[in-house]
Amino acid sequence: MKLQVRQRPICAHTGELQRSTKDSAPRTAPFSLSVALSRTRTRTVSSGRSLAAGCGSAPPSKPWLSPPNILGRAHFCRRARFLLRSASTRATRVQVSDQVSSRPSPTSLPAMEARAGARPDWHLSLGIWVMIAALQHAEAGITCARCPWPVRLHQEELQLTEESLRSVQVEFRAEDDTLDEVAPQDATLGSGRDQGSGAASALLRAKRSGPELAEFGGADVGAPGERGPALDGHRAGRPDLRWSREDGGASNPLSSSTFALTGDSAHNHAVVYWSGRNSSVILILTKLFDFHMGSATESTLWRSTDYGTTYEKMNDKFGLKTVLSYLYICPSNKRKIMLLTDPEFESSILISTDEGASFQKYRLSFFVLSLLFHHTEEDWALAYSHDQKLYSSLDFGRKWQLIHEQVTPNRFYWSVAGLDKEPDLVHMEAHTPDGNVQYITCRAQMCTEANRNYPFPGFIDISSLIVQDDYIFIQVPTSGRATYYVSYRRDSFIEIKLPKYSLPKDLHIVSTDEKQVFAAVQEWNQNDTYNLYLSDTRGIFFTLAMENVKTTRGIGGNQMLDLYEVAGIKGMLVANKRQDSQVKTYITYNKGRDWRLLQAPPTDLDGNEIHCILPFCSLHLQLQMSENPYISGTISTKSSSPGIIVATGNIGAELSYNNVGMFVSSDAGNTWRQIFEEEHNIWFLDRGGALVAVKMPSVPTRHLWVSFDEGRQWSQHTFSSVPLFVDGVLVEAGADNQIMTFFGHFSHRSEWQLIKIDYRAIFSKKCTEEDYQTWHLHNQGEPCVMGQKQIYMKRRPGNHCMLGVDYSTVLSAESCICRAHDFECDYGYERRSDGNCRPSFWFNPFTVSRSCSQGQNFFNSTGYRKVVLNNCTKGVKEIYTARKQQCPNRPPRGLILTTKDGKLTANRGSNVTFLVHFDEGNSMQTNIQLDFGDGTAVSYSNLSWTEEGIKHGYKSAGIFRVTALAENTLGYDTTTLFLHNNKMEGLFSPPPPPNCCIGF
């Protein structure tokens, strides 16, 4: 099993469209996922076109690139925050075709917060979708996700036929736009993927099930009263759901303009970039991607300076024959742009410092597979080449210097501010000449052998290095149970402690951004479910939060973890759990300490009473996040609209994908209402003050629906005179404008159509004090949530006023008195039926850490630990908090002797590293003796001398009895192992250190 980390790049995003982890996530993670899909697939398949938005993308996959074992990276995103995030930006891509099967380039799937884009609330916070892609022969990996995106666990190879070559290329590139927040980065342990920093999110043309344009003519398609195939099939005149039409002749019509990308009708892929933040520039890169060649054969760069009203072709700025492949944006200065040419024609980089108005071309001696920008220094970037070399540039790509060769894809990171001393420090995973893998750090332009450091003393598993927030994760090679290590705030590495009964075959880091680590673990007996674990602040001791969290198979075989973190409300998660043969939806308000089912709405859309009694019947939600960042997915929340949850679901005994409807909660999941009978894409406008809905893109539409009262009433607006096949929507692209852009086409053979909509006319005024009301967060009437009473400000339902940029949601937060539900069970303890935490069958609560020496102190657990980030005070806090005690002097007990690689065989002459530790005893006053069984023995005065292992080389072949003895004044303990030494020649061990004695 591999520990997999996927890092998220920081890159500017189209408008506010970004997959971020939480709304407050400070970085963006661009990712590129390019998949060839058959045109005969479901509605998510397009008619041969895709539109990507974001900062950039990674280069196309090539036949000569060996596919990495695992594509994984998950993020904990609130907006998109469930992934191990990094302080830098990178973009990667995966290409699947019938020629290059399942070729995932290291991709940093970003948690994108569709704020400016199709998902204003993509909160991958724990809307986690831990994304791990396991290809053929892949080993287990760890991923982390930070957006309300699905935690992707595995991606399997697509079996494509010749028909697939006419299929669509879906390329996901997500960048975080730091308008209010920045998206965090994903991390996956054990995955070798490309990384690129300005990635773009792909918008694909979904397969159309409806007739062509000529069959609709100018008809008014999709009126709410229409049934059957109508676009918005809803009954009129329902008691709690009212509809009104406000078309072109109404008092508040939408102002729209349409622009066609003329001449690009053959182009089947596009990348859109909109920086937002006081910029009116939009860049669109369209390409004709040849699936046979695996590269682009034509490209066009379009640029708009008026928020998308008009566009200008830019090809003459850098040569009409130049074929561009990918677009990258500097995360710390959105005016700086990098364009890569397709290496099939030339290997060059185009640089712009004025948002694409002009470019400078520089030749490259290598092919850039992915980029990683520095999170604060706008001119610093790392480039990863097709031959596994890592380069650095300190002048925004004009000159490049080689850092290291044989670097693992997607396993290099910039320094983290506040933790690493040098801002230009680079963390990377590199291969040694003999095929082993090491964790190396060095400065970007000073990476000679003399200047390299090795923070972990030994070899690690390939694709297991993760540098995320305060944590660094690695996995060490073992032949038995997987062993993971963590370094907290750059301290020494300590082995991660899962319950002793846990035998993980797959582990994914879901989140690290809330002063603890979320991990999804698949046990040896699980196939389509994972267990969710939470750690202490240091990321060492993990306790079980929920068993058997369901996974969902997505497009191209992606496996998503059904876990979602609600944006704007700390500690609130929604998860789908498998119980026996049923799947049910649960919600928690205290980070998994307590879970409960969702109460179904009291009535349906017609006002008929629903007889749904807990626990036999409840509301169940689909928690899949769309792989297209411009489509809203099945669940949406936004931090600027706390308490509002919109999701697709069903009412019954279990989760079902039949007879589904759209549901909304205005009070953070306590009560629910049904708003549509069919699936819709729903986004938040005006920082969440209004909802906009568009029917799923199976047929063309001219209308959108807007609600100002959290889904109780909807008004219809016309955005196009001709029905449009909607491929995606970019919402709230700028902080100071009210612009929404629809991407699509009028027919399968038409050019890309970009419809810019200025929706400010639907608001009557700017909100004033009397337009707001207070809302108290609660959990079924309990006002203390995560240890505090929180009061929010919300616009009064029905007010058509605009919130504005200075809108603040939190009015006050008051700490509560600590009670039992503010504490969870500590490591080694489990909750019994009486609600108390008792020692587990495998845990001895009287065991003191071996690092505890006489004269020192340790914290003796009470069996409880406070939920991380819980703000309660006083009360039972003192009773439940661990107590400081002096370390007792005890005889050594639980002595364990192992080899560092976990094997009991070695080659003659090669070094064998032995590890010694014990569960109890005074580590500083216990003598350690080790007899190697060949007439040689060593003795150490205390255990600290053996922390890095004891090396020994055998000169002859045979089976040797190796014995360890630990002894102090109170007693002793001994243990033995047998080592089989083969005849192969090798190197002998170096002489022992001066502190040990030989031949005692």
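Owing to the predicted nature of the structure, the values given are computational and were not obtained by experimental measurement. What you see as residue numbers is a count from 1 along each chain, following the sequence as written. Thresholds applied to this predicted model are a pLDDT of at least 70 for local features of residues and 80 or more for the giving and counting of side-chain atom pairs; totals over whole chains, interfaces and linings are not thresholded and use all residues. The basis for every side-chain value is the complete set of non-hydrogen atoms in the structure, without hydrogens or water.

(A) Looking closely at the sheet that holds strand β79 (residues 950-953). With antiparallel pairing, the 3 strands of this open sheet are ordered in space as β74-β76-β79. Of all the strands in the sheet, the pair left with one neighbour each is β74 (896-899) and β79. Recorded for the sheet is a direction-independent mean angle of 30° between the axes of neighbouring strands. By definition, two strands form a pair when at least two bridges between them are found by DSSP. Secondary structure elements are defined from DSSP: runs of H or I of at least 4 residues count as helices, runs of E of at least 2 residues count as strands, and each element is numbered from the N terminus. Relative to β79, strand β76 (residues 911-917) runs antiparallel, the two sharing 4 bridges. Paired with V912 across the bridge in β79 is H952. Between the N-to-C directions of two axes lies an angle of 0 to 180 degrees, each axis being a line fitted to C-alpha atoms and, for a helix, fitted only over the stretch in contact.

(B) Region of the structure containing the packing of aromatic side chains. Only centres within 6.5 Å qualify two rings of Phe, Tyr or Trp (six-membered ring in Trp) as a pair; their planes then separate them into stacked at under 30 degrees, edge-to-face at over 60, and tilted for everything else. Applying the stated criterion across every chain, the model contains 30 aromatic pairs. With a centroid separation of 5.5 Å and 85° between ring planes, the pair formed by F708 and F763 is classed as edge-to-face. With F708 in the loop between β57 (703-707) and β58 (713-718) and F763 in the loop between β61 (753-758) and β62 (765-766), this pair connects stretches of sequence that are 55 residues apart. Three exposure classes are used, based on accessible area relative to the maximum for each residue type with a 1.4 Å probe and protein chains only: buried under 20%, partly exposed in between, and exposed over 50%. On the accessibility criterion, F763 (8% relative accessible area) is buried. Ring geometry for Y827 versus W842: centroids 5.5 Å apart, planes at 65°, classification edge-to-face. In this pair, Y827 sits in the loop between β68 (823-825) and β69 (829-831) while W842 sits in the loop between β70 (837-839) and β71 (857-860), placing the two residues 15 residues apart along the sequence. Each member of the pair, Y827 as well as W842, carries the same accessibility label: buried. Feature note: the residues Y501, F541, Y827, Y829, F841, W842 and F843 constitute an aromatic cluster, connected by ring pairs. Only lysine NZ and arginine CZ atoms are considered, and such an atom sits over a ring when it is within 6 Å of the ring centre and within 35 degrees of the ring normal. Above the plane of the ring of F396 lies K336, whose end atom (NZ or CZ) is 5.6 Å from the centre.

(C) Seen up close, the nonpolar core. To qualify as a nonpolar core, a set must consist of buried Ala, Val, Leu, Ile, Met, Phe, Trp, Tyr and Cys residues joined through side-chain atoms within 4.5 Å. Counting 30 residues, the largest nonpolar core has F456, L465 and F473 as the members making the most contacts within it. When residues of this core are assigned to their parent elements, the largest contribution, 5 residues, is made by strand β38 (residues 471-476).

(D) Main features of the side chain of H717. Along the chain, H717 turns up in strand β58. Here the side chain of H717 touches S715 through a polar contact of 3.1 Å, side chain to side chain. Whenever two N or O atoms come within 3.5 Å, that pair is a polar contact, provided that in protein one can donate a hydrogen and the other can accept it, and provided that, for residues adjacent in sequence, both atoms are side-chain atoms.

(E) Spatial organisation of a nonpolar patch on the surface. Taken together, the side chains of Y501, L544 and F841 make up a nonpolar region of the molecular surface, amounting to roughly 340 Å² of accessible area. Counting through the fold element by element, L544 comes out in strand β44 (residues 542-553). Take L544: its relative accessible area is 34%, and that puts it in the partly exposed class. The patches reported here contain residues having more than 30% relative accessible area and no salt bridge. Joining distances are 9 Å for like charges and 5 Å for nonpolar side chains (Val, Leu, Ile, Met, Phe, Trp, Tyr). Here, Shrake-Rupley sampling with a 1.4 Å probe gives the accessible areas, and only protein chains in the shown set may cover a residue. The rule for a salt bridge is simple: a side-chain nitrogen of Lys or Arg has to be within 4 Å of a carboxyl oxygen of Asp or Glu.

(F) Representation of the state of the cysteines within the structure. Two cysteine sulfur atoms make up a disulfide if the distance between them is within 2.5 Å. One pass over the structure, following the stated rule, counts 6 disulfides. Between the sulfur atoms of C612 and its disulfide partner C617 the distance amounts to 1.9 Å. Judged by the sign of its S-S torsion, about -100°, the bond between C612 and C617 is left-handed. Neither C612 nor C617 differs from the other in exposure class; each is buried.

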